[in-house]
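Chain by chain, the residues run as shown.
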Amino acid sequence: MKYAAYGSNLHPSRLTERTSSAQLVGTGFLSHWSLCFHKRSQDESGKCSIVAGDTGVHFAVFELSAADKLTLDSIEGLGAGYAEILLRVPRCGDCVSYIAEESHIDDGLQPYDWYKELVLQGMRFHGFPEHYVKPVESIAALGDPDRERSARNWKTVELVKARS
């Protein structure tokens, strides 16, 4: 099945770390969506979601095995903050993705610095336009107060950077 990533799973190295079957199919753009960092995570930071809007969202589309889709559902919190959505991405076809459930939206949240950097690394890897990347660069991010989680995730960021 095809999965449309728009946040921290954009970079192939990040996604294959989580789901070994992930194979990049291509990229696409949907103009009637906007990217937000307002999904309340278990760690109380802001994670990415998409909402109906007019700024447009760029996606990386991956092919996943059924088993890895179930793994990703668990990692992403399907039914516990994220709902599944079906998107028709030009040149890629029908793709599943995730969208924040209304109960988990808080526009006052900020992402952790490592999370924002994972998103940016994915955007740069795919060569998304600067007018799309710049607003994400300007989003205020927080240092993660959990030192172990922060160190683990910065290690992932460095791995992703090394593979770009």
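Before any of the text, the structure's been laid out above.
Just so you know, these numbers come straight off a predicted model, no measurement behind them.

**Let's talk about the overall build of the chain**
When helices and strands are tallied, the chain shows five helices and seven strands. Taken from the N to the C terminus, the helices and strands of the chain come in the order β-α-β-β-β-β-α-β-β-α-α-α. Dimensions of the chain, computed from C-alpha atoms along their principal axes, come out at roughly 40 × 35 × 30 Å. The buried share of the chain, taken over its 164 residues, is 52%. Of all intrachain contacts in the chain linking residues separated by at least 6 positions in sequence, the fraction that spans at least 24 positions is 70%. For the chain, the computed accessible surface area is about 7900 Å², with 52% contributed by carbon and sulfur atoms.

**Examining the environment of Gly77**
Position of Gly77 among the secondary structure elements: in the loop between helix H2 (66–76) and strand E6 (82–89). A C-alpha to C-alpha distance of 9.1 Å links Gly77 and Ser41, two positions 36 residues apart in sequence.

**Remarks on the environment of Asp43**
Looking at the element boundaries, Asp43 is found in the loop between strand E3 (33–40) and strand E4 (46–52). Overall, Asp43 belongs to the buried group, its relative accessible area being 15%. Considered as a pair, Asp43 and Met123 are 80 residues apart in the sequence and their alpha carbons are 23 Å apart. A polar contact of 3.1 Å, which involves the side chain of Asp43, links it to the side chain of Lys47.

**Topic: the side chain of Glu76**
With respect to the helices, strands and loops of the structure, Glu76 is situated in helix H2. Classification of Glu76 as buried rests on a relative accessible area of 14%. Of the polar contacts made by the side chain of Glu76, one reaches the side chain of Asn9; its length is 2.9 Å. In this structure the side chain of Glu76 is engaged in a polar contact, spanning 3.0 Å, whose partner is the side chain of Arg18. When residues no more than four places from it in sequence are discounted, the contact partners of Glu76 are Asn9, Arg18, Tyr82 and Tyr98.

What counts and how
Residues numbered from 1 in each chain as written. Predicted model: local features only at pLDDT ≥ 70, side-chain atom pairs only at ≥ 80, totals over all residues. Heavy atoms only, no water. Helix = DSSP H or I, 4+ residues; strand = E, 2+ residues; numbered from the N terminus. Buried < 20%, exposed > 50% of the residue type's maximum accessible area, 1.4 Å probe, protein only. Contact = heavy atoms within 4.5 Å. Areas by Shrake-Rupley, 256 points an atom, 1.4 Å probe, with all protein chains shown as cover. Polar contact = N/O pair within 3.5 Å; in protein donor to acceptor, adjacent residues only side chain to side chain.

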